[in-house]
Amino acid sequence: MPETAPRIRQGAGNVGSIGAPLTRREGPLKVTGRALFAADTLPPGLLHAALCTARIARGRVTGLDVAAAERHPGVVAVMTPDNAPTLAKDPDAKDGPFTFRLDLLQNASVRYANQPIAVVIAETLEAATEGARLLAPRYETETPRIGLDAEAPFTPPGIGIGQPPDEGHGDVEAGLADAAARIEAVYETPAQYHNAMEPHAAVAEWDGDRLTLHTPSQGLTAAVGRLAGLFGIPPKNIRIESPYLGGGFGSKGAISGPQVLACMAARLVGRPVKLVARRENMYGPMGHRAETRQTLRLGADADGKLTALDHHTLTASSRFDDFFEPAGGVSHTLYATPNLSVRHRGVRVDTGTPLFMRAPGEATGSAALESAIDEMAIACGMDPLEFRLVNYAEVEPISGRPFSSKALRACYAQGAARFGWEKRPLQPRQMRDADGLLVGWGVGTATFPALMFEAEARAELRADGTGTVVIGAQDMGQGAWTALAQIAADGLGIDIAQLTVEMGSSTQPSGGIAGGSAHTATAGGAVHAAAQAVIAELAQIATTDSASPLYGAGNAGVIARAGRLIRRDDESRSESVGEILARAGRDRITGTGKASADPAAQKSYAMHAHGAVFAEVKVDPDLGQIRVSRLVGAFAAGRVINPRLVQSQYFGGMIWGLSFALHEHAALDPRTGRFLNDNLGEYHVPVNADTPAMEAILVHEDDPHVNALGVKGVGEIGITGTAGAIANAVWHATGVRVRELPITLDRLLG
Amino acid sequence: MSIPLRLTVNGERRDLVLEDPRVTLLDALRERLHLTGSKKGCDRGQCGACTVLVDGRRINACLALAVSLDGASVETVEGLANGDALHPVQAAFIAHDGFQCGFCTPGQIMSAVGLIREMREAGESVGDAADVERVREGMSGNLCRCGAYAGITEAVVAAARAEAQAGEKAA
């Protein structure tokens, strides 16, 4: 095995420009422990809070031994529905699909296991923790409904965030009847939990009706809006600081109940309060990826061309709120078929409400669809890659729109060449390694939509050649601190070393949502626009000043580079920012910019990133132990701002795909609705030794339509394709098709 | 209850009086000494984000009661750099992109520093592919949910090899 995959070796130059593989700008802070995460905030007079959570999944709390907790030395207060601060708004009121119902000690009801039912506030964490234990809740327990067979399925009004549950065209029954070969298979994916390494932490402090909250957030503006509504105070009274998120993956996209409880606790006691969720507290009130049961029916003609694709998803939301995993979305976009039906059905169960989790819908749907495509290829006697090429979608299947760009053929070709796919035997169980392990190769197609939200930014360029960009953007590890700096430095035409980036605070212009793989397009677009506004004003000054060598060039006739404005048609004529501003009697220029999706372009084009993932697995023929030994991904996602960080995003996504295929599974006791593995020892995620040699090929793709920067997202696509590729490789190694994920050795042997 | 505790933290004598015997080393570092570099990801020894060196060995600081470590020497991520000069392992983590969100990073880095010492003491080389597998195994007590393992492994191997080469030159 090669020791490590080839990596980008260029050094961390300080010449800031889009496309350079710069190292992370905040890296020195993170490797020295000086990057302050929310839980590292230690204001004077800080109290510590601990959650008491429900040990039943449905019913009500009938008693809490508040006196015992209060007697414990160091305990300051016990917050229960009896004394919780009154809220201005019912936390169960919905004002949009992005508003999720929260459990904020408004009543005694229990709607899922691990729901917060009280908060103990104490001088020390130890006292708070013990106080929470001493509450010893008593319950009236109802039998919970758990699992996809809990009740009769219904058609949800919307899936994901307001998408239609049923879409398609043609007649799949007729298409299946006409097929020369057909398959029908049921795939099951389990509930999964985000498990960001940083638990949701909140340090809240009130000054009258002004709230300062240190908490990780993927969406500062929405979080401020939610808190303002709940506490009945103007948004301007709320300041949220979130400079670094210790991972998010969707779980910090909407503010969670425990984060609000920290604010309520601080209000109750009139002192700053820190509430850090314990790991087990995160299995319930912070969302999860819902389980799915996906039934796929495919038909193909004698040439292997699909005649029908029917993708039916059954999934579960909570008893009290809506988030239905949109698993069928991948079938809208990936393979050409004359007859397509994508349907979603739901049940309600007694768990916390599911939420978006890294590639929501695409991850679950891709795992099933890519397995089904493999099974269809096998039924046609075709190589699975050839089958995918035969069914290549030239236009988006669901809409008929052309793609704004789609370099998927290049992804297949470059990935296959690098992996050595041409040597793959068609039949399973043909390859063994030197140790006698079964070896199998599989492929999966990766896809993720190129989304865009709304953001604003402010930029400043000063006479000394330095610049600043300010945006309430959020870095959860994807690299916004660096990528946005690169975009801003290029936009302002200065060396990145001369640029200061301020971000991660709700007091800054809204950076939109760090989610949907859309943050670079959205926040980057706003930064780019703000920088353009600055340069436009500077150019206006210079080109209308007869003393300037740029006089008469016109705004569009100059470019900004290396701290100068340069005449586009004659680069010998240029002037420094300082010279231009000095004559104008200014010391700086400030500009603002906004970015949002272009509705006309979105109407005209389907916008998606694509990729191909190739997996090699080794399986012990006697024990069924599975190891992924090699992963090669080739991805096309428009313009690459920073190849080093993009590669890391792909690797991270591919590891999530591996985790999806082989590791992750939240287990509930169906009798009680309680978790069997709400901890990182028993809820398995890959460790270093579980991960294979990986390569990520950054396939060139120009996209003139997708957005001003030409970028698509890279944070989520790596999961898609990978889980299916691994499942297909396991079949190829063993001849056994496991349709219930994760593929564990008992399922392989069973 | 007040319990005196004498620690050497990053080479500096720190005398503490704990009011509570339940305080873990991690909470003593974070909440009492305000050394918040060491992180709490699980508080039960499953994630490794709190890894520090105690008397030179890697431990999960969340699993050690502070009172049990009277007289011990503790090394944390705050003590590695020499002013602005990063420790070679820290520099390697940046160069090889061995982190994304950075939350597990202090633990990963302390684990790497400890592992390199363990390998050196055991006379293990870091010269070939088998040793890379040793590094992967040796770093597997530290979870990274972002999935930065490729960069972490590269960083640890590079730092270990650089140290070995420097040692050979010195000899």
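Residues numbered from 1 in each chain as written. Chains lettered and ligands numbered in written order. Predicted model: local features only at pLDDT ≥ 70, side-chain atom pairs only at ≥ 80, totals over all residues. Heavy atoms only, no water.

Novice: Looking at this model, I keep getting lost on unusual backbone geometry. Mind explaining?
Specialist: Negative phi characterises most residues that are not glycine, and trans characterises most peptide bonds. Residue and element names in this part refer to chain A. With an omega of -5°, the peptide bond running from Leu 741 to Pro 742 counts as cis. By the secondary structure assignment, Pro 742 is in the loop between helix H16 (722-734) and helix H17 (745-749). Non-glycine residue Leu 105 carries a positive phi angle of around 60°. Among the secondary structure elements, Leu 105 is positioned in the loop between strand S3 (75-79) and strand S4 (109-110). For Leu 105, a relative accessible area of 5% translates into the label buried. Phi angles above zero are rare outside glycine, and Asn 195 is one such case at about 50°. Assignment of secondary structure puts Asn 195 in the loop between strand S8 (181-189) and strand S9 (201-207). (Helix = DSSP H or I, 4+ residues; strand = E, 2+ residues; numbered from the N terminus. Buried < 20%, exposed > 50% of the residue type's maximum accessible area, 1.4 Å probe, protein only.)

Novice: Teacher, can you tell me more about the sheet that holds strand S21 (residues 558-561) of chain A here?
Specialist: Strand pairing in a sheet is mediated by backbone hydrogen bonds. Such pairs are either parallel or antiparallel. Residue and element names in this part refer to chain A. Across the sheet, which stays open at both edges, the three strands sit in the order S21-S22-S23 with antiparallel pairing between neighbours. Of all the strands in the sheet, just S21 and strand S23 (574-576) have a single pairing partner and so form its edges. Sheet twist, expressed as the average angle between the axes of neighbouring strands with direction ignored, equals 20°. When strand S22 (residues 564-567) meets S23, the two strands line up antiparallel, connected through three bridges. Across the sheet, residue Leu 565 finds its bridge partner in S23, namely Glu 575. (Pairing = 2+ DSSP bridges. Axes fitted to C-alpha atoms, helices over the stretch in contact; angles between N-to-C directions.)

Novice: Any chance you could explain the nonpolar core here in plain terms?
Specialist: In a soluble, globular protein the nonpolar side chains are often hidden away together inside. Grouped together as the largest cluster of nonpolar side chains are 147 residues, with contacts concentrated most on Ile471(A), Leu565(A), Ile726(A) and Phe93(B). With residues near it in sequence (within four places) discarded, Phe93(B) still touches Val31(A), Gly98(B), Phe99(B), Thr105(B), Gln108(B), Ile109(B), Ala112(B), Ile152(B), Ala155(B) and Val156(B). Counting 42 residues, the second largest nonpolar core, distinct from the first, contains Phe387(A), Ala636(A), Ile697(A) and Val699(A). (Core = buried A, V, L, I, M, F, W, Y, C linked by side-chain atoms within 4.5 Å. Contact = heavy atoms within 4.5 Å.)

Novice: I would appreciate a short explanation of the domain arrangement of chain B in the present structure.
Specialist: Accessible area lost upon the coming together of the parts serves often as the stated size of an interface. Residues and elements named next belong to chain B. Partitioning chain B into domains gives domain 1 (3-79) and domain 2 (88-170). Taken together, the contact pairs 17 residues of domain 1 with 17 residues of domain 2. When the two sides are added together, the surface that domain 1 and domain 2 hide from each other amounts to roughly 1,400 Å², 53% of it contributed by carbon and sulfur. Summed over the shared surface of domain 1 and domain 2, the result is three salt bridges. Among the ionic pairs, Arg 117 bridges to Glu 75, the shortest N-O distance being 2.8 Å. Across the domain 1-domain 2 interface, the total number found is eight residue pairs in polar contact (both at pLDDT 80 or more). Broken down by secondary-structure element, the contributors of at least two residues to the side of domain 1 that touches domain 2 are strand S3 (51-54) and strand S4 (57-60). Counting residues per element, the side of domain 1 that touches domain 2 draws most heavily on S3, at three residues. (Domains from an automatic or database assignment. Buried area = accessible area lost by both parts, 1.4 Å probe. Salt bridge = Lys/Arg side-chain N within 4 Å of Asp/Glu carboxyl O. Polar contact = N/O pair within 3.5 Å; in protein donor to acceptor, adjacent residues only side chain to side chain.)

Novice: Looking at this model, I keep getting lost on the packing of helix H2 (residues 88-95) of chain B against helix H5 (residues 149-170) of chain B. Mind explaining?
Specialist: Packed helices, taken two at a time, are described by the angle their axes make and the gap between the axes. Residues and elements named next belong to chain B. Between H2 and H5, the least distance of the axes is 8 Å, while the angle of their chain directions is 140°. By the angle between their axes, H2 is oblique relative to H5. Crossing geometry of H2 relative to H5 is assigned as right-handed. Of the residues in H5, those touching H2 at Pro 88, Val 89, Ala 92 and Phe 93 are Ile 152, Ala 155, Val 156 and Ala 159. Class assignment of the residues belonging to the contact of H2 with H5 gives a composition of eight nonpolar, no polar and no charged. (Parallel < 35°, antiparallel > 145°, perpendicular 65-115°, else oblique. Left-handed = near helix turned anticlockwise from the far one by under 90°. Nonpolar A, V, L, I, M, F, W, Y, C, P; charged D, E, K, R; others polar.)

Novice: Would you mind showing me how to read the UniProt feature "domain: Aldehyde oxidase/xanthine dehydrogenase a/b hammerhead" (unreviewed entry) in chain A here?
Specialist: UniProt tags residues 32-143 of chain A as "domain: Aldehyde oxidase/xanthine dehydrogenase a/b hammerhead" (unreviewed entry). Note that residues 32-143 of chain A is 15% helix and 27% strand, and that its end C-alpha atoms are spaced 50 Å apart. (UniProt positions renumbered as here; feature names shortened; annotations may be inferred.)

Novice: Teacher, can you tell me more about empty space enclosed by the protein here?
Specialist: Space left empty within the atom packing is revealed by a probe, the size of a water molecule, rolled over the atoms. Residues and elements named next belong to chain A. What the rule picks out here adds up to 10 cavities of 30 Å³ or more. Here the largest cavity defines a volume of roughly 190 Å³. If you trace the largest cavity, you find 21 residues lining it, with Phe 100, Arg 101, Leu 102, Pro 285 and Gly 287 closest to the centre. Residue composition of the lining of the largest cavity, grouped by class: 12 nonpolar, seven polar and two charged. (1 Å grid on protein atoms, 1.4 Å probe; cavity = no way out; pocket = protein on both sides within 12 Å on 5 of 7 lines; lining within 4 Å. Points joined across faces, edges and corners; volume = space filled by probe spheres on them.)

Novice: How do you make sense of the sheet that holds S4(A) when you look at a structure like this?
Specialist: All names here are of chain A. As summarised here, the arrangement of the three strands in space is S4-S2-S6, forming an open sheet in which the pairing is antiparallel. Both edges of this open sheet fall to S4 and strand S6 (138-141), since each of them pairs with a single strand only. Pairing analysis gives two bridges linking strand S2 (residues 59-63) to S4, with the strands arranged antiparallel. Within S4, the position partnered with Arg 60 by the bridge is Ser 109.

Novice: Where do I start with the interface of chain A and chain B in this structure?
Specialist: Counting residues at the interface gives 70 residues for chain A and 56 residues for chain B. For the pair chain A and chain B, the two sides together bury roughly 4,900 Å², of which 54% comes from carbon and sulfur. When the area that chain A buries against chain B is broken down by residue, the three leading residues are Val31(A), Met197(A) and Asn688(A), summing to 17%. On inspection of chain A and its partner chain B, the count reaches seven salt bridges. A salt bridge links Arg30(B) to Asp40(A); its shortest N-O distance comes to 2.8 Å. Linking chain A to chain B there are 26 residue pairs in polar contact (both at pLDDT 80 or more).

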